[in-house]
Protein chains: 2
Amino acid sequence: MKDFTEGQIIRGKQSLLFENAPYIVSAASVVGSKEAEGPLGKYFDMTNEDDLFGAQTWEEAESTMQKEACVLTLGKAHVKAEEIRYLFGGDLLRQGIATSMGVEALQIPMFGLYGACSTSGEALALAGMSAAAGYGRYMLAVTSSHFGSAEKEFRFPLGYANQRPLSAHWTVTGSGAFLVRSAENESDGDSSSGAEEQDVDTSHISHVRIAGVTVGKIVDYGLKDSQNMGACMAPAAMDTIVQNFEDTGRSEEDYDHIITGDLGCVGQSILFDLVRGKGYDIRKKHLDCGMLIYDRERQDTHAGGSGCGCAAVTLASFILPRLEKGEWKRILFVPTGALLSTVSFNEGASVPGIAHGIILEHVPE
Amino acid sequence: MKDFTEGQIIRGKQSLLFENAPYIVSAASVVGSKEAEGPLGKYFDMTNEDDLFGAQTWEEAESTMQKEACVLTLGKAHVKAEEIRYLFGGDLLRQGIATSMGVEALQIPMFGLYGACSTSGEALALAGMSAAAGYGRYMLAVTSSHFGSAEKEFRFPLGYANQRPLSAHWTVTGSGAFLVRSAENESDGDSSSGAEEQDVDTSHISHVRIAGVTVGKIVDYGLKDSQNMGACMAPAAMDTIVQNFEDTGRSEEDYDHIITGDLGCVGQSILFDLVRGKGYDIRKKHLDCGMLIYDRERQDTHAGGSGCGCAAVTLASFILPRLEKGEWKRILFVPTGALLSTVSFNEGASVPGIAHGIILEHVPE
C-alpha cells in the first residue's frame with residue numbers, strides 16, 4: 001500500500017488519478033451482423049446486414065464503421081467535429097489504415113495509436129489525460145476491428161474457410177467512439193469559434209467520468225501461440241490490475257466490476273490464477289467483453305470475441321449506461337492486447353501482451 | 001492573426017504553447033552503414049557495419065536499434081529506465097512490432113503510436129504534453145525505421161533487386177530516442193523510489209525545451225503514387241506549418257529554421273509552392289531531414305531519406321546540438337508521414353499525409 005498525498009495526480013509506478021476528472025459525454029457503437037445477433041445486440045446503435053456497410057472491401061467497411069461511430073457520438077452530444085481538439089484512434093490493420101481512412105473526413109487533428117486490442121484503453125487514457133490537462137474542451141477516442149479484415153491481416157482470407165482451434169477468438173466487427181469533455185468550461189482560445197462554444201449548455205454532460213488511468217507495460221511470458229491469445233494477454237491483464245491496486249491502495253473490493261477486453265474463457269481462468277498468486281481474488285468482480293458479446297454455445301465463437309472493437313462497443317453499449325444510471329459506481333476497464341504481426345509470428349517471436357486500465361466512476365447529481 | 005491571452009496553453013485551432021515547457025534532457029541516434037557514410041555520419045552515436053546489429057532478421061535489427069537508442073539516451077542523462085514514467089514509441093512495420101519487441105526489455109509503461117514517418121513528432125508531442133501536464137518527471141520518445149524491413153513491408157524484399165523511380169525515397173536505417181523532463185522537480189509520488197529521485201541533480205538538464213506543439217490533421221490531395229511520397233506529404237506539411245503560424249501569430253521570421261521530416265527534393269519544391277499560395281515564403285528557412293542525411297549524388301538515394309528514423313536521428317544528432325549551443329534559438333520541427341499500407345495501395349486508395357509540428361527553443365543559461 002503506497003503512501004500518497006491527496007490532490008496529487010501521480011500515483012505509484014504507473015497510475016494517474018485526475019484532480020479534475022474529465023467526463024465521457026457520449027459514446028456510440030457500430031457493429032456487424034453477428035454482434036447484432038448476440039446477447040448485447042439490442043444495445044448497439046447501428047448495424048448492417050452484410051458487414052460491408054456499403055463499401056467494396058472489408059478495410060473500407062471498417063473505415064466506414066469508424067466514421068459512423070464518430071458521427072453518431074458527436075450527434076448524441078450535439079457537438080460538431082470542428083469543436084473537437086484532438087482525436088485519438090487506432091485499429092488492428094497494418095499501418096492503422098482503417099483509422100486513417102475512417103477519420104480523414106472529420107478533419108480533426110489526430111494521434112494514430114497502436115496497442116492491438118488494448119487500443120481503446122490507450123485512446124481513452126490519452127484523451128482523458130489531454131482533457132484533464134486542459135489541452136482542449138473535447139477529445140474524441142475511437143477504435144475498430146472487422147472480422148473480415150482481421151482474418152485477412154493475421155490469418156487467412158475468409159474464402160480459405162480454414163478451421164480454428166477452440167482457444168481461438170472471433171474478431172468483433174465493430175467500432176466504438178467516445179467523446180471526452182474536460183471538467184472545466186474553459187474556452188479553447190480560438191477567437192474565431194470561441195463565441196459560439198461559450199454558449200454550449202452543459203445539460204448533456206453525462207454522469208460518468210474518467211477518474212484515472214493505469215498505463216500498462218509490455219508483459220511477455222514467452223507464449224507463441226497466436227491461436228490462443230487469451231493466454232498471451234492474461235499476464236498483462238494481471239500486471240495492470242495488480243499495479244492499479246498497488247498504485248491506488250485499492251483492491252477488488254473498491255470496484256463494482258473489473259472488466260477486461262478480450263481474454264475469453266481461456267484467458268479468464270489464467271487471469272484468476274495469476275491474480276490469486278498476487279494475493280487478490282477478482283473472481284466475483286470479473287467480466288470480460290469478449291465473453292459478454294457473443295453467446296458462445298449458440299454462435300460458435302470458441303474462446304470469445306476479440307479485436308479493438310470488442311472492448312470499445314461493449315463499453316459504449318453495455319457498460320457506460322450502467323455507470324450513467326449509477327447501477328455501478330466504479331469499475332476498472334482493462335482492454336488487453338496481444339502484440340504480434342504475421343512477420344513476428346513467422347519469425348518465431350513470442351506474443352507479448354499489454355493492457356491499459358481506465359478507472360470509470362459514476363458521478364451523482 | 002489570433003487574439004490570444006498570455007499564459008494560456010491552448011492556441012488557435014491545433015496548437016499548444018506550454019506554460020512550463022519541458023526539456024529535452026538527452027537524445028541518442030543509432031544508424032546503419034549508409035547513414036554513417038553520409039554527410040551527418042560523424043554526428044551519430046552508434047552504427048553497425050552490416051545493418052543487422054547482431055540480429056538474424058531486419059525486424060529484430062530494428063528492435064535492437066530502438067533498444068540501443070533508448071539505453072544510450074538514458075545513459076547520457078544518468079537516468080534509469082525505472083525512473084521513466086511513460087514511453088511513447090512507434091515504427092513503420094505492421095502492428096508496430098519493432099517497437100513492441102524493442103522496448104519490451106525496458107519495462108516502461110508505454111503508448112504505441114502510428115503516424116508513419118511523422119511518428120517522431122507524434123511521440124515528442126505526447127511526451128511533451130504529458131511532461132508539461134505534470135504526469136511524471138521523465139518521458140521517453142523513440143522511433144525507428146530500417147531499410148531492409150521497410151522495403152519488405154511496403155515494396156519488395158531486398159533480394160528482388162527491383163528498380164526505383166527517381167521520386168522514390170530511401171528508408172533510413174536508424175532509431176532516435178529522446179528523454180523529456182518536466183520543468184518542475186516534483187516527486188513522482190512513488191514513496192518506494194521517491195527518496196532516490198529527489199537526490200538527482202539537475203546539472204544535466206539541457207538548454208532545449210519543447211515550447212509547444214501543432215498537432216496535424218490528415219490532408220489528402222488524392223495522390224496515389226507510393227513511389228512519390230514527397231508529393232503525398234507536402235500538403236500535410238504545408239497545412240501544419242501554416243496552421244502553426246496562424247495559431248501562434250508567428251511567421252517564418254520567428255523561426256531560425258523550419259525543418260520537415262522527409263519531403264525530399266520533390267516534396268520540398270511542392271511545399272514551397274503550396275506555402276507561397278498561403279502568403280508565406282519559407283524558402284530561406286527550410287531544411288529537410290531527408291535531404292540532409294544523404295549525399296544525393298554520391299549515395300544514389302534519389303529524392304532523399306525517409307522513415308520514422310530519418311527525422312528522429314537527424315534531430316538527435318544534428319539539430320539538437322545546434323539548439324543546445326544557442327546557434328539556433330527557435331525552430332519548427334515538422335516530421336511528415338504518408339498514410340498508406342500495401343493493402344490500401346493495392347485497393348486503389350489515395351495516400352493522405354499527416355505532419356506534426358514541434359516548437360523547439362534554446363533556453364539561455
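Note that the coordinates shown come from a computational prediction; the quantities given were computed from them, not determined experimentally.

## Describing the overall build of chain A
A count of helices and strands for chain A gives 12 helices and 17 strands. A globule of 365 residues ought to have a C-alpha radius of gyration of about 21 Å, and chain A, at 19 Å, matches this closely. Going through the 365 residues of chain A one by one, you find that 69% of them count as buried. The long-range share in chain A, meaning contacts at least 24 apart out of those at least 6 apart in sequence, stands at 77%.

## What to know about the interface of chain B and chain A
Each partner contributes residues to the interface: chain B has 71 residues there, and chain A has 71 residues. Counting across the chain B and chain A interface gives two salt bridges. Close ionic contact of E347 of chain B with K152 of chain A constitutes a salt bridge, the shortest N to O distance being 3.2 Å. Where chain B meets chain A, there are 32 residue pairs in polar contact (both at pLDDT 80 or more). It is helix 4 (residues 119-132) of chain B that contributes the most residues to the side of chain B that touches chain A, six residues altogether. The residue makeup of the side of chain B that touches chain A, split by class, is 32 nonpolar, 23 polar and 16 charged.

## Focus on the relation of the copies chain B and chain A
For the pair chain B and chain A, the superposition axis carries a translation of 0.0 Å, the fit reaches an RMSD of 0.0 Å, and the rotation angle comes to 180°. Here the copies are linked by what is in effect a two-fold axis.

## Considering the nonpolar core
Counting residues in hydrophobic clusters, the biggest one holds 110 residues, and the most contacted among them are L360 of chain A together with L360 of chain B. Ignoring sequence-local partners within four residues, the contact set of L360 of chain A consists of I24, V208, R209, I210, L315, L320, L323, K329, R330, I331 and F333 of chain A.

## Considering the pairing of strand 9 (residues 174-181) of chain B
Two faces make up the sheet, and in a regular strand the side chains alternate between them. Residue and element names in this part refer to chain B. With eight of eight residues buried, strand 9 lies mostly within the body of the structure. Burial along strand 9 is two-sided: the residues G174, G176, F178 and V180 and S175, A177, L179 and R181 are all buried. Here strand 3 (residues 23-31) runs beside strand 9; their pairing, made up of eight bridges, is antiparallel. Across the sheet, V31 pairs through a bridge with G174, a residue of strand 9.

## Structural notes on the packing of helix 7 (residues 229-248) of chain A against helix 8 (residues 264-277) of chain A
Residue and element names in this part refer to chain A. For the pair helix 7 and helix 8, interaxial distance at closest approach is 8 Å and the crossing angle is 40°. Between helix 7 and helix 8 lies a crossing whose hand is right-handed. Residue-level contacts link G230, A231, A234, P235, A237, M238 and I241 of helix 7 to G267, I270, L271, L274 and V275 of helix 8. A per-class count over the contact of helix 7 with helix 8 returns 10 nonpolar, two polar and no charged.

## Remarks on helix 11 (residues 308-325) of chain A
Residues and elements named next belong to chain A. End to end, helix 11 covers 26 Å across 18 residues, agreeing with the expected 26 Å (1.5 Å per residue, within 8%). The largest bend in helix 11 amounts to roughly 45° and is located at L315. Within helix 11, 15 of the 18 residues are buried, leaving the element largely enclosed by the surrounding structure. The first or second residue beyond helix 11 is G326, which carries a positive phi of 90°.

## Here's the deal with the confidence of the model for chain A
All names here are of chain A. Confidence in the prediction of chain A, expressed as mean pLDDT, is 91, and 92% of residues score 70 or more. In this model, residues 1-7 is a region of pLDDT below 50 whose contacts with residues beyond four sequence positions or in other chains number 15 contacts. Contacts from residues 186-201, a stretch scored under 50 in pLDDT, to residues over four places away or in other chains number 28 contacts. Among the prediction metrics, the complex's ipTM stands at 0.93, with pTM recorded as 0.94.

## Observations concerning the pattern of salt bridges
Residue and element names in this part refer to chain A. Evaluation of the coordinates by the stated rule reveals 27 salt bridges over all chains. Here K152 makes a salt bridge to E59, at a shortest N to O gap of 3.0 Å. Residue K152 is found in helix 5 (residues 147-154), and its partner E59 is found in helix 2 (residues 58-77); the two are separated by 93 residues along the sequence. Judged by its relative accessible area of 35%, K152 falls in the partly exposed class.

## A short note on the environment of F318 of chain A
All names here are of chain A. Structurally, F318 can be placed in helix 11. A residue is classified by how much of its surface remains accessible, and F318, at 12% relative accessible area, is buried. F318 sits 297 residues away from A21 along the chain, and the two C-alpha atoms are 22 Å apart. Residues contacting F318, with those up to four places away along its chain left out, are L40, Y43, L292, V313 and W328.

## What about the packing of helix 2 (residues 58-76) of chain B against helix 5 (residues 147-154) of chain B?
All names here are of chain B. Following both chains from N to C, one finds helix 2 and helix 5 inclined at 130°, their axes separated by 8 Å at the closest point. When the interaxial angle is binned, helix 2 and helix 5 end up oblique. Once helix 2 is placed against helix 5, the crossing between them reads as left-handed. Taken together, the residues of helix 5 that come into contact with helix 2 (itself represented by W58, E59 and E62) are G148, S149 and K152. Here the residues of the contact of helix 2 with helix 5 sort into one nonpolar, two polar and three charged.

## Remarks on the environment of V351 of chain A
All names here are of chain A. Along the polypeptide, V351 turns up in the loop between helix 12 (342-346) and strand 16 (353-355). What makes V351 buried here is its relative accessible area of 2%. A sequence separation of 177 residues divides V351 from G174, and the C-alpha atoms of the two residues are 24 Å apart. Ignoring anything within four residues of it in the chain, the contact list for V351 reads L223, K224, C232, A338, L339 and L340.

About the cut-offs
Residues numbered from 1 in each chain as written. Chains lettered and ligands numbered in written order. Predicted model: local features only at pLDDT ≥ 70, side-chain atom pairs only at ≥ 80, totals over all residues. Heavy atoms only, no water. Helix = DSSP H or I, 4+ residues; strand = E, 2+ residues; numbered from the N terminus. Rg over C-alpha atoms; globule rule 2.2 N^0.38 Å. Buried < 20%, exposed > 50% of the residue type's maximum accessible area, 1.4 Å probe, protein only. Contact = heavy atoms within 4.5 Å. Salt bridge = Lys/Arg side-chain N within 4 Å of Asp/Glu carboxyl O. Polar contact = N/O pair within 3.5 Å; in protein donor to acceptor, adjacent residues only side chain to side chain. Nonpolar A, V, L, I, M, F, W, Y, C, P; charged D, E, K, R; others polar. Least-squares fit on C-alpha atoms with pLDDT ≥ 70 in both. Core = buried A, V, L, I, M, F, W, Y, C linked by side-chain atoms within 4.5 Å. Pairing = 2+ DSSP bridges. Axes fitted to C-alpha atoms, helices over the stretch in contact; angles between N-to-C directions. Left-handed = near helix turned anticlockwise from the far one by under 90°. Expected span 1.5 Å × (residues − 1). Bend = angle between axes of the 7 residues up to and from the residue. pLDDT = per-residue confidence, 0-100. Parallel < 35°, antiparallel > 145°, perpendicular 65-115°, else oblique.

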